[in-house]
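Each chain, letter by letter, is given below.
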Amino acid sequence: MSDPGFEYAPIGLVELENRVIRRCNLHFASMFGGQESDYRDMPLLRLYPSHEDFERIGKRGLQAMRETGYYTDERIMRRRDGDLFWCRARGKSLTPDDPFRHGIWSFADISEERRVVELTPREREVALLTCRGLSAKEVGAELGLSYRTIEAHRARLLQKFGARKLPELVAKLSGMPL
């Protein structure tokens, strides 16, 4: 049975079961490259930059979905051709007792707002938590690291993004015009 609202939505949509794509719409297939059928029964893991990113984001998402049934973030994803891009992901669980068992997720390409800079998984974590407004001590507590280690990661991020101060880095990471 065809569902034109799902199929032709102007945003990437997927139906997931246990983090495996059961179906996607045309926009999702176009954004990640290929046809809808290329993604049927594909583990979502294949679209993450690394297994560590998949696990880390999954852990954070699962916790939020257990509490609210909903999760949203901005992350780097991988297209089928290997290119990395910034993506806004939003998910709603259809099975609140087991959030990843069945859900609907939207994906939006926000790479025009943000450039992709090669970052280590740890740098990505520090960057995301910094953009959420956490201090170095709070980021350190979240990641189990000292605030001095977080400051060292932030210093590398400032250099990689060509930013002079933390507010400029946050603006560049969040795609705000400078």
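Refer to the preceding data block for the structure.
Computed from a prediction, not measured in an experiment: that's the story for all the values here.

**Q** Which residues make up unusual backbone geometry, and what values do they have?
**A** Negative phi characterises most residues that are not glycine, and trans characterises most peptide bonds. A positive phi angle is found at Asn18, which is not glycine, with a value near 50 degrees. Take Asn18: it is sitting in the loop between β1 (12-17) and β2 (20-24). Residue Asp41 is not a glycine yet carries a positive backbone phi of 65 degrees. Topologically, Asp41 is positioned in the loop between α3 (36-39) and β3 (42-43).

**Q** Quick one: what's the story with the sheet that holds β3, residue by residue and with numbers?
**A** The strand order β3-β2-β1-β6-β5-β4 describes an open sheet built from six strands, whose pairing is antiparallel. Looking along the sheet, the strands with just one partner apiece sit at the ends: β3 and β4 (70-78). Inspection of the sheet shows β1 paired to strand β6 (residues 103-109) by five bridges, in the antiparallel sense. Its bridge partner lying in β6, Leu13 is registered against Ser106. Its contacts with the sheet place helix α4 (residues 51-68) against β4, β5 (84-93) and β6, and it is angled at close to 165 degrees to β4.

**Q** Before we move on, could you go through the pattern of salt bridges and cite the residues and values that matter?
**A** Using the criterion set out here, one finds 16 salt bridges in the structure. Of the charged contacts, one joins Asp53 and Arg56 as a salt bridge, the two residues approaching to 2.9 Å between their closest N and O atoms. In this pair, Asp53 and Arg56 both sit in helix α4, three residues apart, roughly one turn of the helix. Comparing Asp53 with Arg56 shows no difference in burial state: the two are buried. Residue Glu74 is joined to Arg88 by a salt bridge in which the shortest nitrogen-to-oxygen separation is 2.9 Å. Within this pair, whereas Glu74 is found in strand β4, its partner Arg88 is found in strand β5, the two being separated by 14 residues in sequence. By relative accessible area, Arg88 is classed as partly exposed at 21%. Among the charged side chains, a salt-bridge network with shared partners connects Asp53, Arg56, Arg122, Arg124 and Glu125.

**Q** How would you sum up helix α6 (residues 136-143)? Please name residues and give values.
**A** Listed as buried for α6 are Ala136, Val139, Gly140 and Leu143. One side of α6 holds all its buried residues, which, seen down the axis, span an arc of 100 degrees. For α6, exposure combined with an orientation more than 90 degrees from the buried face picks out Lys137, Ala141 and Glu142. Tucked inside the fold, the buried residues of α6 contact α5 (121-131) and α7 (147-161). Positive backbone phi, approximately 70 degrees, marks Gly144, located one or two places after α6.

Rules behind the numbers
Residues numbered from 1 in each chain as written. Predicted model: local features only at pLDDT ≥ 70, side-chain atom pairs only at ≥ 80, totals over all residues. Heavy atoms only, no water. Helix = DSSP H or I, 4+ residues; strand = E, 2+ residues; numbered from the N terminus. Pairing = 2+ DSSP bridges. Contact = heavy atoms within 4.5 Å. Axes fitted to C-alpha atoms, helices over the stretch in contact; angles between N-to-C directions. Salt bridge = Lys/Arg side-chain N within 4 Å of Asp/Glu carboxyl O. Buried < 20%, exposed > 50% of the residue type's maximum accessible area, 1.4 Å probe, protein only. Arc of directions from axis to C-beta.

Keep in mind these values describe shape, not function.
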